[in-house]
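# Analysis of the macromolecular model
Here is what each chain is made of, one letter per residue.
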Amino acid sequence: MRGRILTPLAALVFAFPPPTALMSQQPTRPAPINIPLARKAVVTIQALDASGQLMASGTGFFVTEGYVVTAAHVLEDAAGCRIEMSDGQQQRCAVAAADTVKDVAMLTVSGSPPSTLHWGSSESMKDGDEVTVISNPLGQLPGTVSRGIISASRVVRGTKLLQISAAISHGSSGAPVLNARGQVIGIVRSTIEAGQSLNFATATDAIRNLNNDQVAVADGQALLTPKNIVASAANSGGGARGSMGTPVSLPQISIGQTITGNLTGSDSLYPDTTYYKMYQFTTTPNQEITIDLSSSDFDPVLIVRGEGLAQSIVDDDGGPGCAARVSQAFLARGPYRILVNTTTSPHRQTGRFTLKISQGSQHVQGRSENDCSPAGAAASGVGGQTAVTTIRVGETINGSLTTSDSLYPDNSYFKFYQFTAPAGQPVTIDLASDDFDPVLIIRGSDLDNSIINDDGGPGCYARVSRTFPSTGPYRILVNTTNTPERQTGRFSLSITEGSKPVQEGSAATADCQTTSAASSSGGGAGGGSATHSITVGQTQQGSLTRNDVLLEHDTTYAQPWTIQGRAGQTITIDLESDAFDSYLFLRGPGIEGGRDFQDDDSGGNCHARLTATFPQNGEYEIVVNSAGEHYATGAFTLSVTSGSKPKSVAQCRRNHQ
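Because the structure is a prediction, the values reported are computed rather than measured. (Residues numbered from 1 in each chain as written. Predicted model: local features only at pLDDT ≥ 70, side-chain atom pairs only at ≥ 80, totals over all residues. Heavy atoms only, no water.)

With that settled, the discussion passes to the overall build of the chain. Helix and strand counts for the chain stand at 4 helices and 43 strands. Summed over all atoms, the accessible surface of the chain reaches about 26700 Å², with 47% contributed by carbon and sulfur. (Helix = DSSP H or I, 4+ residues; strand = E, 2+ residues; numbered from the N terminus. Areas by Shrake-Rupley, 256 points an atom, 1.4 Å probe, with all protein chains shown as cover.)

Laid out in structure tokens, this is it:
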């Protein structure tokens, strides 16, 4: 099990600010950023030439053990990289994954980091919100802190950028942009020096799972190799930093041209251990073109990525027979990159291929009309679509991950399933296992990015709950965390109608424990897992303990209680405690945030009382919390009654305060 922090609850506390009238009665939320601790997570990135000499420097930051994030252009033209931590220690690094279109790279380093930063939601940030940047300007001033606001949010060539006013200097590329809770919502990318405070950062929501993107992993492998040298369009002398540059040494293919090539054992290896070759092309914007990849020696896979594409285009059998085909208009000129690749089975295929680009559009086969039947081809990886097990809404499948299953890029095992989503209706997908720590991955042609969830369900289980944009079909990957390595065992996969609460972000660890940890905690009210439940008309006794979820921003404990809600039903929740200043909030389907779904002292005598109306049918969570008292614990009474009750306007005065 990975080390985790509970943030779904923490994020909700921030999402539902207390009424203004109560602000003077409780500590300000959120707490200030712990700058000394955050500085320890920020490092200097040193780009090295082939002889190991320093070429350029930038900034990066630890997001978890073993991974450092920075801007991809920091390593342009580099043959190697090194990081220098805040205490002066240096370590060599390697590129784990990169997206040069979004200008972000994820590096791997050995050892335990002195500190880590946590991802925040860039989508929740608004123009005018305050931000903090910690960087190493000029490569000589580590730990420099600058503050500003989000001046605007912009989409440039398919990538969301945050325009920020915080001071940025050369050497700050790759630095973390932090929200008021100290979470990373942007990665410093560029500045326009002709103006004032015109600085830009890549929004993080689309890139936080970069190391789970197979194409990004392959792109990262090419970033520091002589096969893909990227020439910077800017230099340290000025101008707009962070330009994407132009790959100058990739083989070119033009529209109307056909190339015959050969995949061999000396070619680059993709993360799934298939071979690939890279080519590059440019096109007239909005002109329809068709790219065909065929081979009689292997089952081809065609991957296209580049400027203006929200995600890589991957096709296996869209052309005749087992040929791959992409046919569409590209919004920009490019350059775009083509990866000539193969399916994962048979293992490490090689042989002759033909790659062709022609003008105009041609039919691309869908799954239902697929006519590919290569000998020995298997439905794994990006490859063949046969033999994928279907799961229906309302169905539960019990299965087992074994050592004969496919390997993900991080060397964890996975199985594929396919489902059709109901039109316009929410569904909840749950993946549970007592043998391994489950990870749930959902893919679909109309999803901007893969949906990845680790601990969104009860305990350490994974959960995705949402309304899908179409009926699909969509693919489910039953996967595991990468620590411990190569986990196997039994699992249960189910899809049910309706929405259920999903723990998200750094809070996704809210109630995740290993089996041994759960047993040693003795269950009870303080277990922190979503096993507490209450119904309308019921009163329950409980206890907030140090085994519950710790909200790191204000060091209070939180305990979730589930309740079934009916659309339009009004209830009143009362939370009373003589041990701590009661605070509660409600979350679930249809609740987007706001002061209407949390309360501090409306029950009188420092007790909490919340009257709320359920927006939808579904499972909701009442979260028992304390009002800013550090590490407060103790007994409480929780009750839910039908209808509304009056609120107290008396100020909270506790004898022990």
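Next up on the list: unusual backbone geometry. Here the amide bond leading from Gly334 into Pro335 is cis, since omega sits at 10°, within 30 degrees of zero. Here Pro335 lies in the loop between strand E21 (324-329) and strand E22 (336-342). Of note in this structure, Asn286 is not a glycine but carries a positive phi near 70°. Structurally, Asn286 can be placed in the loop between strand E17 (275-281) and strand E18 (288-294). Phi angles above zero are rare outside glycine, and Cys606 is one such case at about 70°.

What follows is about the sheet that holds strand E35 (residues 539-544). Pairing is antiparallel across the open sheet formed by 4 strands, whose spatial order is E35-E43-E38-E41. Two strands bound the open sheet, and with one partner strand each, they are E35 and strand E41 (608-613). Averaged over all pairs of adjacent strands, the angle between strand axes in this sheet comes to 20°, irrespective of strand direction. In this structure, strand E38 (residues 570-576) lies alongside E41, joined through 6 bridges in antiparallel fashion. (Pairing = 2+ DSSP bridges. Axes fitted to C-alpha atoms, helices over the stretch in contact; angles between N-to-C directions.)

Turning our eyes to something else, we now look at the state of the cysteines. A full pass over the atoms with the stated rule returns 1 disulfide. A disulfide bridge connects Cys81 with Cys93, and the sulfur atoms are separated by 2.1 Å. A residue pair is termed long-range when its members are at least 10 positions apart, and Cys81 in strand E4 (residues 80-84) and Cys93 in strand E5 (residues 90-99) qualify at 12 residues. Neither Cys81 nor Cys93 differs from the other in exposure class; each is buried. (Disulfide = S-S within 2.5 Å. Buried < 20%, exposed > 50% of the residue type's maximum accessible area, 1.4 Å probe, protein only.)

Here the focus is the pattern of salt bridges. Counting across every chain of the model gives 10 salt bridges. Where Asp99 meets Lys102, a salt bridge forms, and the shortest distance between an N and an O atom there is 3.7 Å. As far as burial versus exposure is concerned, Asp99 and Lys102 are alike and both buried. Linking Glu123 and Lys160 is a salt bridge whose minimum nitrogen-to-oxygen distance equals 3.4 Å. Pair noted here: Glu123 is in the loop between strand E6 (104-108) and strand E7 (130-135) and Lys160 is in strand E9 (residues 159-164), with a separation of 37 residues, a long-range link. One continuous salt-bridge network, built from bridges that share partners, spans Asp99, Lys102 and Arg305. (Salt bridge = Lys/Arg side-chain N within 4 Å of Asp/Glu carboxyl O.)

Moving on, we come to the confidence of the model for the chain. Looking at the chain, pLDDT values average 78 and 79% of them are 70 or higher. Per-element confidence in the chain ranges from a low mean pLDDT of 30 for strand E13 (residues 230-231) to a high of 95 for E18. Counting interchain partners and residues more than four positions distant, the pLDDT-below-50 stretch residues 374-386 has 38 contacts. For residues 514-530, every residue scores under 50 in pLDDT, and the model assigns this stretch 34 contacts once sequence neighbours within four places are set aside. (pLDDT = per-residue confidence, 0-100. Contact = heavy atoms within 4.5 Å.)

Attention now goes to the environment of Ile442. Turning to its location among the elements, Ile442 is positioned in strand E29 (residues 438-443). The buried category is assigned to Ile442, whose relative accessible area is 0%. In this structure, the C-alpha to C-alpha distance between Ile442 and Gln418, residues 24 residues apart in sequence, is 9.4 Å. Setting aside residues up to four positions removed in sequence, Ile442 forms contacts with Phe419, Ile429, Leu447, Ser450, Ile451, Val464, Phe468, Tyr474, Arg475 and Ile476.

Moving on, we get to the packing of aromatic side chains. Per the counting criterion, the structure on display carries 13 aromatic pairs. Ring geometry for Phe468 against Tyr474: centres 4.7 Å apart, planes inclined by 45°, an arrangement best described as tilted. Comparing Phe468 with Tyr474 shows no difference in burial state: the two are buried. Ring geometry for Trp561 and Phe636: centres 6.2 Å apart, planes at 80°, overall edge-to-face. With a gap of 75 residues between them, Trp561 in strand E37 (residues 556-565) and Phe636 in strand E43 (residues 634-642) connect regions that are remote in the sequence. Of the aromatic side chains, those joined through ring pairs into one cluster are Phe281, Phe330 and Tyr336. (Phe/Tyr/Trp six-rings, centres within 6.5 Å; stacked < 30°, edge-to-face > 60°.)

Further remarks concern the sheet that holds strand E11 (residues 184-191). Around the barrel, which closes on itself, the 6 strands sit in the order E7-E8-E9-E12-E11-E10 with antiparallel pairing between neighbours. Strand-to-strand twist across the sheet, computed as the mean angle between neighbouring axes with direction ignored, equals 45°.

Across the 5 residues of strand E12 (residues 199-203), 5 count as buried, placing the element largely inside the fold. With 4 bridges connecting them, E9 and E12 associate as antiparallel partners. The partner of Leu162 across the bridge, within E12, is Ala201. In this structure, E11 lies alongside E12, joined through 5 bridges in antiparallel fashion. Bridge pairing in E12 links Val188 to Ala201.

A few words on the environment of Gly52. Note that Gly52 resides in the loop between strand E1 (42-48) and strand E2 (54-64). A sequence separation of 28 residues divides Gly52 from Gly80, and the C-alpha atoms of the two residues are 7.2 Å apart.

Within the secondary structure, Thr343 is located in the loop between E22 and strand E23 (351-359). Thr343 gets classed as buried once you look at its relative accessible area, which sits at 1%. Taking the C-alpha atoms as reference points, Thr343 and Thr274, 69 residues apart in sequence, are found 7.2 Å from one another.

Inspection of the secondary structure assignment puts Thr572 in strand E38. A relative accessible area of 0% places Thr572 in the buried class. Polar side-chain contacts of Thr572 include one of 2.9 Å to the side chain of Thr611. Residue contacts for Thr572: discarding those within four places in its chain leaves Arg609, Leu610, Thr611, Ser639, Val640, Thr641, Gly643, Ser644 and Lys645. (Polar contact = N/O pair within 3.5 Å; in protein donor to acceptor, adjacent residues only side chain to side chain.)

Moving on, we get to the side chain of Asp599. Its location among the elements puts Asp599 in strand E40 (residues 598-599). For the buried residue Asp599, which engages in no salt bridge, the nearest side chain bearing the opposite charge is Lys647, 4.8 Å off. One polar contact links the side chain of Asp599 to the main-chain amide nitrogen of Asp601, over a distance of 3.4 Å. In this structure the side chain of Asp599 is engaged in a polar contact, spanning 2.9 Å, whose partner is the backbone nitrogen of Arg609. The residues touching Asp599, leaving out its near neighbours within four places in the chain, are Tyr583, Leu584, Ala608, Arg609 and Leu610. (Lys, Arg positive; Asp, Glu negative; His and termini not counted.)

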